[in-house]
Amino acid sequence: MITIQNLHKTYSGKHCVLDGITFTFENSHIYGLTGPNGCGKTTLMRCITKLYPIKRGTVFYNGRCIVGDGEYLTHVGYLPQKFGLFKDLKVRE
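Residues numbered from 1 in each chain as written. Predicted model: local features only at pLDDT ≥ 70, side-chain atom pairs only at ≥ 80, totals over all residues. Heavy atoms only, no water.

Caption draft 1: Focus on the overall build of the protein chain. When helices and strands are tallied, the protein chain shows 1 helix and 4 strands. Shown N-terminal to C-terminal, the secondary structure of the protein chain runs as helices and strands in the order β-β-α-β-β. With respect to the three principal axes, the spread of C-alpha positions in the protein chain is 40 × 30 × 25 Å. For the protein chain, the residues scored as buried account for 24% of the 93 residues in total. Taking as baseline every contact in the protein chain between residues at least 6 positions apart, the subset at least 24 positions apart corresponds to 45%. Per element, the accessible surface of the protein chain, about 7400 Å² overall, is 54% carbon and sulfur. (Helix = DSSP H or I, 4+ residues; strand = E, 2+ residues; numbered from the N terminus. Buried < 20%, exposed > 50% of the residue type's maximum accessible area, 1.4 Å probe, protein only. Contact = heavy atoms within 4.5 Å. Areas by Shrake-Rupley, 256 points an atom, 1.4 Å probe, with all protein chains shown as cover.)

What follows is the structure in structure tokens.
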């Protein structure tokens, strides 16, 4: 179970994308995030998967805070619709 409590995310310290999100994703359920472009779906997923640092709010996995939890990412997956590639990097990089 993933529980999000009072999650906030801003860009450049000014543009608020997530404003106090609180939600619980129960085990054995499938969830879909829908909404218009720019409403924070991708930002939420990137916070849940630790791609973006969480400065305000908390994400819990089975009751444990994900910050500092090394095992957490072995239980969570994220497949974005579009992948961001760095064209100047080689495959090994």
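Caption draft 2: A look at the pattern of salt bridges. The full count for this structure, using the stated rule, is 1 salt bridge. Among the salt bridges present, the one from arginine 64 reaches aspartate 69, with a minimum N-O distance of 3.5 Å. The class for aspartate 69 is buried, based on a relative accessible area of 9%. (Salt bridge = Lys/Arg side-chain N within 4 Å of Asp/Glu carboxyl O.)

Caption draft 3: A look at the nonpolar core. Ranked by internal contacts, the top residues of the largest apolar core, which has 14 residues, are Ile2, Ile4, Ile48 and Tyr72. Only strand E1 (2–11), strand E2 (15–25), helix H1 (41–48) and strand E3 (56–61) provide two or more residues apiece to this core. Look past the residues within four positions of isoleucine 2 in its chain and what remains in contact with it is Phe23, Thr24, Phe25, Ile48, Val59, Phe60, Tyr61, Tyr72 and Val76. (Core = buried A, V, L, I, M, F, W, Y, C linked by side-chain atoms within 4.5 Å.)

Caption draft 4: Main features of the pairing of E2. Bridge analysis of E1 against E2 gives 8 bridges, and the strand direction is antiparallel. Across the sheet, threonine 3 pairs through a bridge with threonine 24, a residue of E2. A loop of 3 residues connects E1 with E2, the two strands running antiparallel in sequence, and serine 12 in this loop sits at a positive phi of about 60°. (Pairing = 2+ DSSP bridges.)

Caption draft 5: Seen up close, the layout of surface pockets. Roughly 610 Å³ of internal volume is contained in the largest pocket. When residues in the lining of the largest pocket are grouped by element, the largest group, 5 residues, is from H1. (1 Å grid on protein atoms, 1.4 Å probe; cavity = no way out; pocket = protein on both sides within 12 Å on 5 of 7 lines; lining within 4 Å. Points joined across faces, edges and corners; volume = space filled by probe spheres on them.)

Caption draft 6: How the structure looks around the sheet that holds strand E4 (residues 64–65). Overall, antiparallel pairing links the 4 strands, which are arranged E2-E1-E3-E4 in an open sheet. Each of the sheet's edge strands pairs with one partner strand only, and the pair in question is E2 and E4. The sheet strands contacting H1 are E1 and E2, and the helix crosses E1 at an angle near 120°. (Axes fitted to C-alpha atoms, helices over the stretch in contact; angles between N-to-C directions.)

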